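What the coordinates show
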Amino acid sequence: SKAKVFDKESDIKTNFKDVAGLAEAKQEVEEIVEFLKYPEKYTQLGGKIPKGALLVGPPGTGKTLLAKAVAGEAHVPFFSMSGSDFVEMFVGVGASRVRDLFKQAKEKSPCIIFIDEIDAIGRARGKNPNMGANDERENTLNQLLTEMDGFDTNSGVIILAATNRADILDRALMRAGRFDRQIHVELPDLNEREEIFNVHLRPLKLDDSVKSEFLAKQTPGFSGADIANVCNESALIAARKKKNVIEKQDFLDAVDRIIGGLEKKNKIISVNE
Ligand code: ATP
């Protein structure tokens, strides 16, 4: 897959119904859907449509999901790439991938460009002692800035980027006309966890003992991705026991398993620090 420059999806099925909780973030991106669908409504008075927004929040909270839902709601193509793909790349490759991405997106406008883990390329410049790799990262970042400046705001391409480290990003990315809007995506509270469970319980065969309200109470600190994991894991646990439906106990076992996994991950992180 070395030749792969980025992903393009044209028929996105994800929409706002799939994104539980995140009421404020959804409200903010709803405006972007409107820009994509009815640009004239905004430009006729001489206004300029924003080029991009930065989705900021912890891992697994639905940033990618939300960006995809914007494309799904607006019925526009979704071009995506991950900043981490640019790490340890040969000189010139990162910049040329960014150029290709924008070229293709402009041909398919209106559309969304989504850059996940933008911090991998967008870290503040000149602060990494690891020079060789850093030069290439800077080239990539500079190309991204050039591309963002180079197209007309009203071209119908909107760039969404995600990070869990907005604090380390190069200020140049946040300047007016670039990612000048930040949308915060936080870990879900009790009610939001219940909503997320409702989304992910929908396709499962459940025993009457399974209640999303109860499950939400058992999962403080869980992200949406953790909850999706619990639901899937519980189905596998029940299947292993040859059950026809998933019972409350299967969910509790799945929650224990996910907590075990999270604790292990945290241990590894703290050892590294
Ligand atoms: P990362 O920073 O790790 O890339 P992310 O914030 O982009 O994470 P997603 O990739 O969007 O998170 O979430 C992973 C999965 O978790 C989603 O595909 C979805 O199944 C589930 N999920 C996360 N948040 C939500 C939510 N608010 N509603 C419903 N499902 C969610």
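Everything quoted here is computed from the prediction, not taken from an experiment.

**Comments concerning the pattern of salt bridges**
Between side chains of opposite charge, a pair can form as their charged atoms come close. All told, the structure shown has 14 salt bridges when counted by the stated rule. When the shortest N-O distance is used, the salt bridge between Asp253 and Lys241 registers 3.4 Å. With Asp253 in helix H10 (residues 248-272) and Lys241 in the loop between helix H9 (224-240) and H10, this residue pair connects regions lying twelve residues apart in the sequence. Here the salt bridges share partners, and the residues they tie into one network are Lys241, Lys243, Glu247, Asp250 and Asp253.

**Details of the side chain of Thr163**
Relative to the assigned elements, Thr163 resides in strand E5 (residues 157-163). On the accessibility criterion, Thr163 (2% relative accessible area) is buried. A distance of 2.9 Å separates a polar side-chain atom of Thr163 from the backbone nitrogen of Arg165. In contact with Thr163, other than residues within four places in its own chain, are Leu54, Leu55, Val56, Gly57, Lys63, Ile118, Asp119 and Leu169.

**What to know about the confidence of the model for the protein chain**
Averaged over every residue, the pLDDT of the protein chain is 89; the share at 70 or more is 90%. Predicted complex, confidence summary: ipTM 0.96, pTM 0.90.

**Regarding unusual backbone geometry**
With an omega of 0 degrees, the peptide bond between Ser109 and Pro110 qualifies as cis. Inspection of the secondary structure puts Pro110 in the loop between helix H4 (93-107) and strand E4 (111-116).

**Quick look at helix H1 (residues 23-37)**
The periodicity of an α-helix, 3.6 residues per turn, causes residues three or four positions apart to be oriented the same way. Between the first and last C-alpha of H1 there are 21 Å, a value that for 15 residues agrees with the 21 Å anticipated at 1.5 Å per step. Within the sequence span of H1, burial applies to Ala25, Lys26, Val29, Ile32, Val33, Phe35 and Leu36. Seen end-on, H1 carries its buried residues on one side only, within an arc spanning 160 degrees. Across H1 from its buried face, at more than 90 degrees, point the exposed residues Ala23, Glu24 and Gln27.

**What about the sheet that holds strand E3 (residues 78-82)?**
Taken in spatial order, the six strands line up as E1-E3-E4-E5-E2-E6 in an open sheet, and their pairing is mixed. Of all the strands in the sheet, just strand E1 (7-9) and strand E6 (181-184) have a single pairing partner and so form its edges. On average, adjacent strands in this sheet sit at an angle of 20 degrees to one another, irrespective of strand direction. Two elements, E3 and E4, share five bridges in a ladder whose sense is parallel. Of the residues in E4, the one forming a bridge with Met81 is Ile115.

**Let's talk about the packing of helix H7 (residues 190-201) against H9**
For the pair H7 and H9, the least separation of the axes is 9 Å and the interaxial angle reads 40 degrees. Here H7 lies oblique to H9, going by the angle between them. Regarding H7 and H9, the two cross each other, and that crossing is right-handed. In contact with Arg193, Ile196, Phe197, His200 and Leu201 of H7, H9 contributes Gly224, Ile227, Ala228, Val230 and Cys231.

Here is what the cut-offs are and how they apply
Residues numbered from 1 in each chain as written. Predicted model: local features only at pLDDT ≥ 70, side-chain atom pairs only at ≥ 80, totals over all residues. Heavy atoms only, no water. Salt bridge = Lys/Arg side-chain N within 4 Å of Asp/Glu carboxyl O. Helix = DSSP H or I, 4+ residues; strand = E, 2+ residues; numbered from the N terminus. Buried < 20%, exposed > 50% of the residue type's maximum accessible area, 1.4 Å probe, protein only. Polar contact = N/O pair within 3.5 Å; in protein donor to acceptor, adjacent residues only side chain to side chain. Contact = heavy atoms within 4.5 Å. pLDDT = per-residue confidence, 0-100. Expected span 1.5 Å × (residues − 1). Arc of directions from axis to C-beta. Pairing = 2+ DSSP bridges. Axes fitted to C-alpha atoms, helices over the stretch in contact; angles between N-to-C directions. Parallel < 35°, antiparallel > 145°, perpendicular 65-115°, else oblique. Left-handed = near helix turned anticlockwise from the far one by under 90°.

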